[in-house]
Amino acid sequence: MVGSSARLTSSFFTPEHQAIAQSVDIYLDRLGERKEQLLKAIIDEHRYPEELMEAMAHLGIYGALIPEQYGGTGVGLLAMAVA
């Protein structure tokens, strides 16, 4: 299966965007069968699992809109959307 980072081929996406997508892909691939259970919770149960929220925090996704000098990653809204 091809991850989402493989689809970021447009020159619109920076190497940073591609690295973020790849990081998310690696995390999701490591979930194995658990990935399907989490997806089911999001789609069928209309809830976002705590496990994924914690992973997003660990990957720095929540800090995308916060400048680095204030403790965020400062990568911007597009990077957050890519993730």
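Calculation rules
Residues numbered from 1 in each chain as written. Predicted model: local features only at pLDDT ≥ 70, side-chain atom pairs only at ≥ 80, totals over all residues. Heavy atoms only, no water. Helix = DSSP H or I, 4+ residues; strand = E, 2+ residues; numbered from the N terminus. Contact = heavy atoms within 4.5 Å. Areas by Shrake-Rupley, 256 points an atom, 1.4 Å probe, with all protein chains shown as cover. Lys, Arg positive; Asp, Glu negative; His and termini not counted. Charge placed at Lys NZ, Arg CZ, Asp CG, Glu CD. Phe/Tyr/Trp six-rings, centres within 6.5 Å; stacked < 30°, edge-to-face > 60°. Salt bridge = Lys/Arg side-chain N within 4 Å of Asp/Glu carboxyl O. Buried < 20%, exposed > 50% of the residue type's maximum accessible area, 1.4 Å probe, protein only. pLDDT = per-residue confidence, 0-100. Polar contact = N/O pair within 3.5 Å; in protein donor to acceptor, adjacent residues only side chain to side chain.

1. Describing the overall build of the protein chain
Broken down by element type, the protein chain carries four helices and zero strands. Put simply, the protein chain runs from its N terminus to its C terminus through helices and strands in the order α-α-α-α. Referenced to the eigenvectors of the C-alpha coordinate spread, the extents of the protein chain come out at roughly 35 × 30 × 20 Å. Restricting to contacts in the protein chain with at least 6 residues of sequence separation, those with at least 24 account for 31%. If you sum the accessible surface of the protein chain, you get close to 5,900 Å²; carbon and sulfur atoms cover 57% of it. Mean positive and mean negative side-chain charge positions of the protein chain (6 and 11 charges, respectively) differ by 5 Å.

2. Some words on the environment of Pro 15
For Pro 15, the position within the fold is in helix 1 (residues 15–30). Separated by 31 residues in the primary sequence, Pro 15 and His 46 place their C-alpha atoms 33 Å from one another.

3. Re unusual backbone geometry
Positive phi is not limited to glycine here, since His 46 has a value of about 55°. Inspection of the secondary structure puts His 46 in the loop between helix 2 (34–43) and helix 3 (50–58).

4. Regarding the packing of aromatic side chains
Going through the model one piece at a time under the given rule, you end up with one aromatic pair. Ring geometry for Phe 12 against Phe 13: centres 5.8 Å apart, planes inclined by 80°, an arrangement best described as edge-to-face.

5. Looking at the pattern of salt bridges
Note on pairing: side chains with opposite charge can pair once their charged atoms come close. Per the counting criterion, the structure on display carries three salt bridges. Ionic pairing is found between Glu 51 and Arg 34, a salt bridge with its closest N-O pair at 2.9 Å. Of this pair, Glu 51 sits in helix 3 while Arg 34 sits in helix 2, placing them 17 residues apart in sequence. Among the residues examined, Glu 51 registers a relative accessible area of 26% and is labelled partly exposed.

6. Side note on the confidence of the model for the protein chain
Mean pLDDT over the protein chain stands at 88; residues scoring 70 or higher make up 92%. Within the protein chain, helix 2 carries the highest mean pLDDT (94), whereas helix 1 carries the lowest (91).

7. Considerations on the side chain of His 17
Its place among the elements puts His 17 in helix 1. Within the structure, the side chain of His 17 is placed 2.9 Å from the backbone nitrogen of Thr 14, a separation counted as a polar contact. With residues near it in sequence (within four places) discarded, His 17 still touches Leu 8, Phe 12, Leu 78, Ala 79 and Val 82.

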